[in-house]
Amino acid sequence: MGLKIKHFVIFITFLSVGCQRHPQQLTKVEASRITVSDSIIGNDSITFFIAPYKKRIDAVLDSTLAYVPKDLVKNDGERNTSAGNFLADAILEQANPIFTSRTGKQIDFVVLNHGGIRSIISKGNVNARTAYQFMPFENTIVVVEMSGTSVKDLFTFLANSGRAHPVANTKLIVEGSNTFTKMEINGKPFDENQTYFVATNDYLVQGGDDMGFFKNRSGITNLDYLVRNAIIDYFKKMDTITANVDDRFIQIP
Amino acid sequence: MKRRSFITKTTATGAFLGLAGMQLGSCKPNGTKKITILHTNDVHSHIDPFPSDHARYANLGGLARRANLVTQLRRENPNTLLFDAGDIFQGTPYFNFYGGELEFKLMSLLKYDAATIGNHDFDNGIDGLYAQTPHAKFELLSANYDFKNTVMDGVVKPYKIFTVDGVKVGVYGLGIALDGLVTPKLYKETKYEDPYEVALDMERILKEDEGCDLIICLSHLGYDYEGNPNRPDDVRLASATYHTNLIIGGHTHTFLDKPDVRTNAVGKPVLVNQVGCYGLHLGKIDFYFDKQNNSNTEGVSIQI
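Computed from a predicted model, the values in this text were never measured in an experiment.

What counts and what doesn't
Residues numbered from 1 in each chain as written. Chains lettered and ligands numbered in written order. Predicted model: local features only at pLDDT ≥ 70, side-chain atom pairs only at ≥ 80, totals over all residues. Heavy atoms only, no water. Helix = DSSP H or I, 4+ residues; strand = E, 2+ residues; numbered from the N terminus. Expected span 1.5 Å × (residues − 1). Buried < 20%, exposed > 50% of the residue type's maximum accessible area, 1.4 Å probe, protein only. Arc of directions from axis to C-beta. Contact = heavy atoms within 4.5 Å. Polar contact = N/O pair within 3.5 Å; in protein donor to acceptor, adjacent residues only side chain to side chain. Buried area = accessible area lost by both parts, 1.4 Å probe. Salt bridge = Lys/Arg side-chain N within 4 Å of Asp/Glu carboxyl O. Nonpolar A, V, L, I, M, F, W, Y, C, P; charged D, E, K, R; others polar. Pairing = 2+ DSSP bridges. Disulfide = S-S within 2.5 Å. Axes fitted to C-alpha atoms, helices over the stretch in contact; angles between N-to-C directions. Parallel < 35°, antiparallel > 145°, perpendicular 65-115°, else oblique. Left-handed = near helix turned anticlockwise from the far one by under 90°. Phe/Tyr/Trp six-rings, centres within 6.5 Å; stacked < 30°, edge-to-face > 60°. Lys NZ or Arg CZ within 6 Å of the ring centre and 35° of its normal. pLDDT = per-residue confidence, 0-100.

## Focus on helix H7 (residues 195-209) of chain B
Residue and element names in this part refer to chain B.
Moving on, step 1. Helix length check: H7, at 15 residues, gives a terminal C-alpha distance of 20 Å against a target of 21 Å (1.5 Å per residue), a fit within 8%.
Moving on, step 2. Buried within H7 we find Pro195, Val198, Ala199, Met202, Glu203, Ile205 and Leu206. One side of H7 holds all its buried residues, which, seen down the axis, span an arc of 155°. Facing away from the buried side of H7, by more than 90 degrees, are the exposed residues Glu197, Glu208 and Asp209.
Moving on, step 3. Looking at the buried positions of H7, the neighbouring elements they touch are strand S6 (159-164), strand S7 (167-174), strand S8 (191-192), strand S9 (214-219) and helix H8 (234-240).
Moving on, step 4. Capping of H7 at its N-terminal end is provided by Asp194; its side-chain oxygen lies 2.9 Å from the backbone amide nitrogen of Tyr196.

What follows is the structure, encoded as structure tokens:
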């Protein structure tokens, strides 16, 4: 028995010495890109492995949370839209209690970007999947402290943007490009000497969508609350979701 | 983070595996060897194929299909390595629900060999990434993230050497600057180091100290920022290197239909490749080798 093992060791040693690893010289390279299309059949055991994960997601995302009696769309108004008003109102409703509990202060108004709305919401039952489609990004709600002057710059930017950026808790009438004939925030006339707390998202605060006016901020509170989760929580809270084009921002040519 | 056993070369099993390897090829006279590199990047939790009504990527992608494709390609050439260049996480509810667990488990089932870390892999924080590492049976490689003061210390290696059919393949990872992309409270004390300097260190170690025959960089820097000095990219990395043969890129979701052939610091070709995102495509690059004294020419024939 011992002898056999010894032989075996000698045999390996002999081969190892006789056949070292040679450095290799690269001589040729070929490359291709293969598209993963439906011509490739899926592996059943992988599909089976994914199934329970998928089933739970589908169950959570597809259970009805609320009812929307009328389509919420991005283009039914000039300076405010049903989809934008729904989003801005939902954020005000959901974020204000959190902001108040952390700081003792109130959110004065909300401003977001029109481009951040990624789909319409069709009338009928809505669920968490609706919220993922409407807001796929992982943006969080942020409250920015701004001077009255900066707020006025913000409204002027909105009036000249050519888009219906969502706002909530305002009543604004602008004639032409920068003559504001009505400016109310949180039910009170605008005061240029006052400080305002503006809820928005972290993307815009970092200068996204060219909203550079957030550079002139004096304070910032990240609520660590995803915009999407606020929408889902709003769906759960409200049985029926209605939003219409209204008088929160009107522009008269 | 266990290596697959047939590539692992520990001292305990080295002699036996070495014997098998020699019979298969390394002792074969005048043998040409072929190493196949398969790669993905920026899959972003896209586990299911895109639905048939998707505006841009209808019926494309899907992990189950990629699994069969990779199996078929490994059958054609068992001397195959499979890599990912980062941003494995974030993009579908699979990540929101399970934090990357399914992504890592599936990549392990597909027998990925290594991946580097993308900025979105920090989206649940460095603790969230660390929590998923037990599910990764492949190496996480990053040479320019210093994780010393984080939970990831010791979990991530700067490089890894795979010996495939007697060919030593050295692979190192590079990550993008996190400041401005990821909030500091997510990446915590992770320190970003200059990727160009680190790359030169890595390839020198892999070439001169370790004697690698093929050197691959898994990069999440991005393809080409057109010379912006504040944003290192793969094309400038390529021209600065001496020994790297292939840079597998990510981050910019760049759809290259074939690798970009660049010239390195000593006038030799280096490939830069990236296959878009979401697992829509699989990159495949075949490297052919001859024993050094067999090849009568210095040149490399690049047929792409």
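## Observations regarding the interface of chain A and chain B
Moving on, step 1. On the side of chain B, 67 residues touch chain A, which itself brings 40 residues to the contact.
Moving on, step 2. If you sort the residues of chain A by the area they bury against chain B, Gln24, Arg33 and Val36 of chain A come out on top, with a joint share of 15%.
Moving on, step 3. At the boundary of chain A with chain B, the tally comes to 2 salt bridges.
Moving on, step 4. A salt bridge links Lys54 of chain A to Asp48 of chain B, with the shortest nitrogen-to-oxygen separation between them at 3.4 Å.
Moving on, step 5. Across the contact surface, chain A and chain B share 25 residue pairs in polar contact (both at pLDDT 80 or more).
Moving on, step 6. Of all the secondary structure elements, the ones that give two or more residues to the side of chain A that touches chain B are helix H1 (2-18), strand S1 (24-35) and helix H2 (44-61) of chain A.
Moving on, step 7. Per element, the largest residue contribution to the side of chain A that touches chain B is 12 residues, and it comes from S1 of chain A.
Moving on, step 8. Residues of the side of chain A that touches chain B, tallied by class, amount to 20 nonpolar, 10 polar and 10 charged.

## Some remarks on the pairing of S1 of chain A
Moving on, step 1. Pairing analysis gives 11 bridges linking S1 of chain A to strand S13 (residues 281-291) of chain B, with the strands arranged antiparallel. Pairing of Ser32 of chain A across the sheet is with Lys284 of chain B, part of S13 of chain B.
Moving on, step 2. One ladder, built from 3 bridges, connects S1 of chain A with strand S14 (residues 301-303) of chain B; its direction is parallel. Bridging from a neighbouring strand, Glu30 of chain A pairs with Gln303 of chain B of S14 of chain B.

## As for the side chain of Asn264 of chain B
Residue and element names in this part refer to chain B.
Moving on, step 1. Along the chain, the position of Asn264 falls in the loop between strand S11 (260-263) and strand S12 (269-273).
Moving on, step 2. A polar side-chain atom of Asn264 sits 2.9 Å from the main-chain amide nitrogen of Val266.
Moving on, step 3. Excluding residues within four positions of it along the chain, Asn264 makes contact with Ala238, Ser239, Thr241, Tyr242, His243 and Val270.

## Section: the state of the cysteines
Note on terminology: a disulfide is the covalent bond linking the sulfur atoms of two cysteines.
Moving on, step 1. If you walk through the whole model with that rule in mind, you get 0 disulfides over all chains.
Moving on, step 2. In this structure Cys212 of chain B is not part of a disulfide, and its nearest cysteine sulfur, from Cys217 of chain B, lies 14 Å away.

## Thoughts on the packing of H2 of chain A against helix H2 (residues 63-76) of chain B
Moving on, step 1. One can describe the packing of H2 of chain A onto H2 of chain B by two numbers: an axis separation of 8 Å at closest approach and a directional angle of 155°. The angle between the axes of H2 of chain A and H2 of chain B places the two elements in the roughly antiparallel class. The hand of the H2 of chain A/H2 of chain B crossing is right-handed. Residues Ile46, Thr47 and Ile50 of chain A of H2 of chain A touch H2 of chain B, and the partners they reach there are Leu63, Ala64 and Ala67 of chain B.

## Here's the deal with the sheet that holds strand S7 (residues 170-175) of chain A
Either a parallel or an antiparallel arrangement is found when strands of a sheet pair, and the pairing is made through backbone hydrogen bonds.
Residue and element names in this part refer to chain A.
Moving on, step 1. In space, the 4 strands of this open sheet follow the order S9-S8-S7-S12, with mixed pairing throughout. Of all strands in the sheet, those with a lone pairing partner are strand S9 (188-189) and strand S12 (249-252), marking the two edges.
Moving on, step 2. Direction of pairing for strand S8 (residues 179-185) relative to S9: antiparallel, over a ladder of 2 bridges. Looking across to S9, one finds that Ile185 is bridged to Lys188.
Moving on, step 3. Each of S7, S8 and S12 is contacted by helix H5 (residues 148-160), which is oriented at about 120° to S8, the strand it contacts most.

## As for the sheet that holds strand S3 (residues 114-115) of chain B
Moving on, step 1. With respect to topology, 7 strands assemble into an open sheet ordered S4(B)-S3(B)-S2(B)-S1(B)-S13(B)-S1(A)-S14(B), the strand pairing being mixed. Of all the strands in the sheet, the pair left with one neighbour each is strand S4 (139-140) and S14 of chain B.

## Thoughts on the packing of helix H3 (residues 82-103) of chain A against helix H7 (residues 227-237) of chain A
Angle between the axes and distance between the axes are the two parameters that describe a pair of packed helices.
Residues and elements named next belong to chain A.
Moving on, step 1. Look at H3 against H7: their axes get within 9 Å of each other, and the N-to-C directions meet at 85°. By the angle between their directions, the pair H3 and H7 is classed as roughly perpendicular. Along the contact surface, H3 presents Phe86, Leu87, Asp89, Ala90, Ile91, Glu93 and Gln94, while H7 presents Val227, Ala230, Ile231, Asp233, Tyr234, Phe235 and Lys237.
Moving on, step 2. A breakdown of the residues in the contact of H3 with H7 according to their chemical character gives 9 nonpolar, 1 polar and 4 charged.

## Some details on unusual backbone geometry
Moving on, step 1. A positive phi angle, near 70°, is found at Asn169 of chain A, a position not held by glycine.
Moving on, step 2. Residue placement: Asn169 of chain A occurs in the loop between strand S6 (167-168) and S7.
Moving on, step 3. Positive phi outside glycine occurs at Ser45 of chain B, with the angle close to 65°.

## Comments concerning the packing of aromatic side chains
All names here are of chain B.
Moving on, step 1. Under the definition given, this model contains 21 aromatic pairs over all chains.
Moving on, step 2. Their ring planes at 70° and their centres at 6.1 Å tell us that Tyr57 and Tyr278 sit as a pair that is edge-to-face. Taken as a pair, Tyr57 in the loop between strand S1 (33-40) and H2 and Tyr278 in the loop between S12 and S13 lie far apart in primary sequence, 221 residues in all.
Moving on, step 3. Members of the aromatic cluster, joined through ring pairs, are Phe89, Phe95, Phe104, Tyr112 and Phe138.
Moving on, step 4. Over the face of the ring belonging to Phe162 we find Lys160, whose NZ or CZ atom lies 6.0 Å from the ring centre.
Moving on, step 5. A cation over a ring is seen here: Arg231 above Tyr225, with NZ or CZ 4.0 Å from the ring centre.

## Observations concerning the confidence of the model for chain B
Residue and element names in this part refer to chain B.
Moving on, step 1. This prediction gives chain B a mean pLDDT of 90; 88% of its residues lie at or above 70.
Moving on, step 2. Counting contacts from residues 1-26, a segment whose pLDDT is below 50, to residues more than four positions away or on other chains yields 35 contacts.
Moving on, step 3. Complex prediction metrics read pTM 0.77 and ipTM 0.88.

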